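Spelled out, the chains give:
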Amino acid sequence: MTQETVTLVDNRTGTSYELPVLEGSLGPSVIDIRKLYNETGHFTFDPGYTSTGSCESKITFIDGDEGVLLHRGYAIEDLAEHSNFLEVCYLLLYGDLPTPDQRQQFEDTITHHTMVHEQLTAFYRGFRRDAHPMAILCGVTGALSAFYHDSTDIEDPYHRMVASHRLVAKIPTIAAMAFKYSIGQPFVYPRNDLSYAENFLQMLFAVPCEPYKVNPVVAKAMDRLLILHADHEQNASTSTVRLAGSSGANPFACIAAGIASLWGPAHGGANEAVLKMLQEIGSKDRIPEFIARAKDKNDSFRLMGFGHRVYKNFDPRAQVMRRACHEVLGELGIKNEPLLDIAMELERIALQDDYFIEKKLYPNVDFYSGIILKAIGLPTSMFTVLFAVARTVGWVAQWKEMIEDPSQKIGRPRQLYTGAAKRPFRPLNERA
Ligand code: SDX
């Protein structure tokens, strides 16, 4: 089959260049520009990577126009309905859903890696009690490379596997410890008799003074939240992890870099920002005022939890999240949650507003998640931590795929330089 190409013509020189077109299994094809600079002397220019494919991947596929999200070919709606988070972890890491034996072995492995080195607890004492849990999560996760030298050789497949298991297993423990530290309660050790979501909940909410009883409704909601946040193609934090990993940095440092990137309010920090926005709106009758602000070019305010770089239709995760929101609040007997009422009214009004329709701004994964997390009993400062706990498996899977890609090399973008041309140094006494 002849190689598909596109022709690039440099009108200044009349020279034309044939650029190969690479077809994927789903979604847009790509123009292979790896030789562009050597052949043309030009760079491409795409600061937000809105039209750039940074890698080849088999993990997650998103169709933004159709609202499709697949993990290794399985629809997110099916995984949220029929699977559980550890199965999705296995799927993302190893390429397919596990057999019963594979699932049991993987669950045993992860369960027996959930404890952290006891000396790691000393790191928490160095933070102020009011430190943001994301700051603690970022710092302590990066510090794991100081403890686990036996799984930092990225060239060794066994090291990569052990590091992957350690990160997936320990991130909820580290996250729960950050929460306990922030509220002045003792750390709670993991329990091997509980599922991943149940264990995370008991490490968050158990106290030594009484037995902790897992609420199955809350555990199911937590497991579904983790599934919905597990991976999402080449988003900002995943691209951060890939770029950090491309230099050969150890996996613990790479995941800490991903946590830092996720923290931003334009990305994973949006779920915390949504709750603060709903609390600031305060009542349905103030919604028009905030819609107007979101549309005002002179106002930096944006409707948090709305819009997405890829989804220009609905975010399939938001739809599952909205249903989960109603189920959890209903089953927890929370009848009139004013923030949910405001969120639903805000969504209704925005989706009828020409500005949001024209700019294709729909609720994203962060719009409803905060209301569920608030109902579960987490403070807003822990919302992005939950996102990071879930996304760690996606980051690790993408990192592993990059390391195992024979064509991967260190990421090193170029630029369009518009600064000063070369000029002579001026001694201090000549500078007015
Ligand atoms: C996540 O990439 C991923 O996959 C991320 C994520 C994942 O799972 O990893 O899905 C998780 O990060 C979800 C997004 C959470 N962020 C928010 O909810 C913050 C609010 N949303 C925006 O900041 C914004 O929508 C982004 C950052 C999400 C997307 O921004 P883009 O793609 O760069 O779009 P843009 O900023 O170019 O906006 C296009 C237009 C602009 O107007 P014009 O300049 O064309 O006139 O839409 C406007 C924007 O002003 N716009 C909004 C808006 N989002 C975009 N206007 C009001 N409110 C908003 N929320």
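The preceding data block contains the structure.
S.K.: So, the pairing of strand 5 (residues 68–71): which residues are in play, and what are the values?
M.R.: Strand direction decides the pairing type here: strand 4 (residues 60–63) and strand 5, joined by four bridges, are antiparallel. Across the sheet, Thr 60 pairs through a bridge with His 71, a residue of strand 5. What sits between the antiparallel neighbours strand 4 and strand 5 is a turn of four residues, in which Gly 67 has the positive phi angle 65°. The pairing of strand 5 with strand 6 (residues 74–75) spans two bridges and is classified as antiparallel. In the sheet register, His 71 faces strand 6, and the bridge partner there is Tyr 74. Once strand 5 ends, the chain turns through two residues before running back antiparallel as strand 6, passing Arg 72 with a positive phi of about 50°.

S.K.: Pulling in residues and values, what's your account of the sheet that holds strand 4?
M.R.: Strand order across the open sheet formed by three strands is 4-5-6, with antiparallel pairing between neighbours. Taken across any chain shown, the strands that pair with only one partner, and hence form the sheet edges, are strand 4 and strand 6.

S.K.: Give me helix 14 (residues 316–331): which residues, what numbers.
M.R.: Between its first and last C-alpha atoms helix 14 spans 23 Å; for 16 residues at 1.5 Å apiece the expected length is 22 Å, and the two agree. Of all the residues in helix 14, the buried ones are Pro 316, Arg 317, Ala 318, Val 320, Met 321, Ala 324, Cys 325, Val 328 and Leu 329. Summarising the contacts, the buried residues of helix 14 are in contact with strand 5, helix 2 (76–82), helix 9 (216–228), helix 15 (338–350), helix 17 (366–376) and helix 18 (383–403). The first or second residue beyond helix 14 is Gly 333, which carries a positive phi of 70°.

What counts and how
- As a convention, each chain's residues are numbered from 1 in the sequence order in which they are written.
- With pLDDT at 70 or above as the cut-off, local features in this predicted model cover only qualifying residues; side-chain atom pairs require 80 or more to be listed or tallied, and sums for whole chains, interfaces and linings still use all residues.
- Side-chain numbers here rest on the full set of heavy atoms in the structure, without hydrogens or water.
- Any two strands are treated as partners once DSSP identifies two or more bridges connecting them.
- Secondary structure elements are taken from DSSP: a helix is a run of H or I of four residues or more, a strand is a run of E of two residues or more, and numbering for both begins at the N terminus.
- Given the number of residues in a helix, its expected span is that number minus one, multiplied by 1.5 Å.
- Only protein chains enter the area calculation, which uses a 1.4 Å probe; residues under 20% of their type maximum are buried, those over 50% are exposed, and those in between are partly exposed.
- We call two residues contacting when some pair of their heavy atoms lies within 4.5 Å.

Read these as spatial facts, not as claims about activity.
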